[in-house]
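# Notes for the structure review
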Amino acid sequence: MKMKSLLLLLSSLWVMNGVFAKEIPARPQTLVNDYAGVLSPAQSSALEQKLRAYEDSTSTQIAIVIDRSLEGEDAFEYSFRLAQAWGIGQKDKDNGVLIYVAQAERKIRIVTNVGVQGFLTDALSKRIIENTITPAFKKGDFYAGLDGAVNDIIKVAAGEYTNDSKGNAAAGGAISFLILAAIIIGVFVLFSVLSRRSNNGGRGYYGGGRYDDRGYGPGGGWIIFPGGGFGGGGSDRNSDWGGSGGDDWGGFGGSDGFDGGGAGGDW
Amino acid sequence: MKNLVSAVVLILVGLIALLGGCSTYNGMVNADEDVDNAWGKVQSAYQRRADLIPNLVNTVKGVANFEKSTLTAVIEARSKATSVTIDPANATPEQLAAFQQAQGGISQSLGRLMVIAEQYPELKANQSFLELQSQLEGTENRIKVARDNYNDVSTAYNKKVRRFPASLIAGMAGFKQKSQFQAEQNAQDAPDVKFE
């Protein structure tokens, strides 16, 4: 009897520790992950292209996962853990969405990170599942359901996010202009200081007397260093932009702000 | 000479102990802040649910002859729960249990409301009811996530505070153990909001 209750306790502890929970796959290098193989390669890459383009313009990450089975775990619990573990959404914006499908259990979940809940509310997520995903899935057309859901989310977000992305682009432009200006000024000052030095043979009596009064002498050094610093920042940023524009996707943003929001449904 | 050496050694040991004590103390302060933060999320998740209730009640009330007693039960449970506020920093397990029970009262009455609502075709076709229903489902999930997170974070804190020798510093600085949510019957009675 005692043994039995001990076993029961142990097994319940195991459950709590998640030993029986479904294992989460390693972070993938794609936004669309069809572990059940219900999408054709062409459909999968069409979705992937669309989602990457969307991330490029808004930084919002929408990921799609189609699993063969939940292996006994609850759809909400697993999709939540998955989204959190992969870190879908940018770290500082928490703007990630996971569309999760479990084929065997016929379960759908839209998991929203806090950064998108302003426009993609639980009620809207539910509506997208009921009006777009479920009808298409019932016909067996997974691609139509998922593609339609992505379109819906993009449309819903458009009200809030076109402005955001425009604001970002403008700010980006201003920053790169500032960087350019800083580099030019930095180079200019560097040259003028160097030429002055060579002309005067370093800090001569004349230069020291006249400029030091105004604090100009040490100022030279001050101007050069920030200029150089900005220049470095500028090239970093440029290489970042180059990366996201290329073929290689940068991976999930690493946000862990998921709070359990979203909606579920079945078909 | 010997006295000098032992004095230096003593001072060194004292310094190391002091430094270690400081970092232990700071670690506890961090963990304590984490617990406060997690508790804030728990409260806002419960608040979110409490805020949904007036809308839900009004929507349901608008539908012809909905059973009055179910609605009053929800409203009563809500006012009872909002009157139970606790300070997580000093909450005893009993206080937290009382808080949990009051919130569990809302869960139960809402669960009954949803079951009864299923019998009203008029409600099941009502757009704003359906939206509230999905919002409620999302909120129940948020509560669950926030509670789990609170338990995780407070466990980490309790480990810091209770382990020897850190427990000595915790005792001096007044860091007390945090109470935690218990898995209980009520938690399993959370409204099962399902569409058929």
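Quick caveat: nothing in here was measured; it's all calculated off a predicted structure.

### As for the overall build of chain B
The helix and strand inventory of chain B stands at 7 helices and 0 strands. Going from the N terminus to the C terminus, chain B shows its helices and strands as α-α-α-α-α-α-α. Compactness check: chain B gives a C-alpha radius of gyration of 24 Å against a globular reference of 16 Å for 196 residues, more than 25% above the reference. If one aligns the C-alpha atoms of chain B with their principal axes, the spans along those axes are about 95 × 25 × 20 Å. The buried share of chain B, reckoned over its 196 residues, is 29%. A separation threshold of at least 6 residues defines the contact pool for chain B, and within that pool the share at least 24 residues apart is 82%.

### A look at the overall build of chain A
Looking only at helices and strands, chain A has 7 helices and 5 strands in total. Ordered by position in the sequence, the α and β elements of chain A form the string α-β-α-β-α-β-β-α-α-α-α-β. Buried residues in chain A amount to 30% of all 267 residues. Partitioning the contacts of chain A with sequence separation of at least 6, the portion at a separation of at least 24 is 74%.

### So, the pairing of strand E2 (residues 61-67) of chain A
Residue and element names in this part refer to chain A. Buried residues dominate E2, accounting for 7 of its 7 residues. Burial of E2 is two-sided: the residues Gln-61, Ala-63, Val-65 and Asp-67 facing one way and the residues Ile-62, Ile-64 and Ile-66 facing the other way are all buried. Two elements, strand E1 (residues 32-34) and E2, share 3 bridges in a ladder whose sense is parallel. Residue Asn-33 lies in a different strand from E2, and its bridge partner there is Val-65. Pairing between E2 and strand E3 (residues 96-102): 7 bridges, direction parallel. Note that in E3 the partner of Ile-66 across the bridge is Val-101. Note that the unit made of E2, helix H3 (residues 75-86) and E3 has a crossover that is right-handed.

### Observations concerning the interface of chain B and chain A
Size of an interface, as often reported, equals the accessible area lost when the parts are brought together. Opposite the 10 residues of chain B that make contact, chain A presents 11 residues. Each residue belonging to the side of chain B that touches chain A can be placed in one class, and the counts come to 2 nonpolar, 4 polar and 4 charged.

### Comments concerning the sheet that holds strand E4 (residues 107-112) of chain A
Residue and element names in this part refer to chain A. As summarised here, the arrangement of the 5 strands in space is E1-E2-E3-E4-E5, forming an open sheet in which the pairing is mixed. Among the strands making up the open sheet, the edge pair consists of E1 and strand E5 (262-266). Averaged over all pairs of adjacent strands, the angle between strand axes in this sheet comes to 10°, irrespective of strand direction. Lying on the sheet, helix H4 (residues 122-138) is in contact with E4 and E5; it crosses E5 at an angle near 25°.

### Concerning the confidence of the model for chain B
On average, residues of chain B carry a pLDDT of 85, and 93% of them reach 70 or more. Across the interfaces of the predicted complex, the ipTM metric reaches 0.78, alongside a pTM of 0.70.

### Some thoughts on the nonpolar core
Counting residues in hydrophobic clusters, the biggest one holds 57 residues, and the most contacted among them are Ile-62, Ile-64, Ala-83, Val-97, Leu-98, Ile-99 and Ile-153 of chain A. Membership of the second largest hydrophobic core comes to 16 residues, among which are Ile-53, Ala-77, Ile-106 and Leu-110 of chain B.

### Regarding the pairing of E3 of chain A
It is a general feature of regular strands that their side chains alternate between the two faces of the sheet. Taken across its 7 residues, E3 of chain A has 7 buried, putting it largely inside the fold. The antiparallel pairing of E3 of chain A with E4 of chain A creates a hairpin that spans 4 residues between the two strands, and Arg-106 of chain A there sits at a positive phi of about 55°.

### Considerations on unusual backbone geometry
Note the cis peptide between Phe-164 of chain B and Pro-165 of chain B, where omega equals 0°. Phi angles above zero are rare outside glycine, and Glu-71 of chain A is one such case at about 50°. The residue Glu-71 of chain A is located in the loop between E2 and H3 in this model.

### What about helix H2 (residues 68-83) of chain B?
For H2 of chain B, with 16 residues, the first-to-last C-alpha span of 23 Å sits near the 22 Å given by 1.5 Å per residue. Against helix H1 (2-62) and helix H3 (93-117) of chain B lie the buried residues of H2 of chain B.

### Here's the deal with the packing of H1 of chain B against helix H5 (residues 127-162) of chain B
All names here are of chain B. Close contact between H1 and H5 brings their axes to 8 Å; oriented N to C, the two are set at 160°. Taken together, H1 and H5 sit at an angle that is classed as roughly antiparallel. In this structure, H1 crosses over H5, and the sense of that crossing is left-handed. Of the residues that constitute the contact of H1 with H5, the class distribution is 20 nonpolar, 8 polar and 8 charged.

### Details of helix H2 (residues 41-58) of chain A
Since the α-helix turns once every 3.6 residues, residues separated by three or four places project in the same direction. Residue and element names in this part refer to chain A. Taking 1.5 Å as the rise per residue, H2 with 18 residues should run 26 Å; its terminal C-alpha atoms sit 26 Å apart, in good agreement. By the burial criterion, the buried members of H2 are Ser-44, Leu-47, Leu-51, Glu-55 and Thr-58. Taken down its axis, H2 places every buried residue within 85° of arc, on the same side. The exposed set on the far side of H2, more than 90 degrees from its buried face, consists of Pro-41, Ala-42, Gln-49 and Ala-53. Ser-59, located one to two residues past H2, shows a positive phi value of around 70°.

Conventions used here
Residues numbered from 1 in each chain as written. Chains lettered and ligands numbered in written order. Predicted model: local features only at pLDDT ≥ 70, side-chain atom pairs only at ≥ 80, totals over all residues. Helix = DSSP H or I, 4+ residues; strand = E, 2+ residues; numbered from the N terminus. Rg over C-alpha atoms; globule rule 2.2 N^0.38 Å. Buried ≥ 20, exposed ≤ 12 C-beta atoms within 10 Å, placed from the backbone. Contact = placed C-beta atoms within 7 Å. Pairing = 2+ DSSP bridges. Right-handed = clockwise from strand over helix to strand, strands pointing away. Nonpolar A, V, L, I, M, F, W, Y, C, P; charged D, E, K, R; others polar. Axes fitted to C-alpha atoms, helices over the stretch in contact; angles between N-to-C directions. pLDDT = per-residue confidence, 0-100. Core = buried A, V, L, I, M, F, W, Y, C linked by C-beta atoms within 7 Å. Expected span 1.5 Å × (residues − 1). Parallel < 35°, antiparallel > 145°, perpendicular 65-115°, else oblique. Left-handed = near helix turned anticlockwise from the far one by under 90°. Arc of directions from axis to C-beta.

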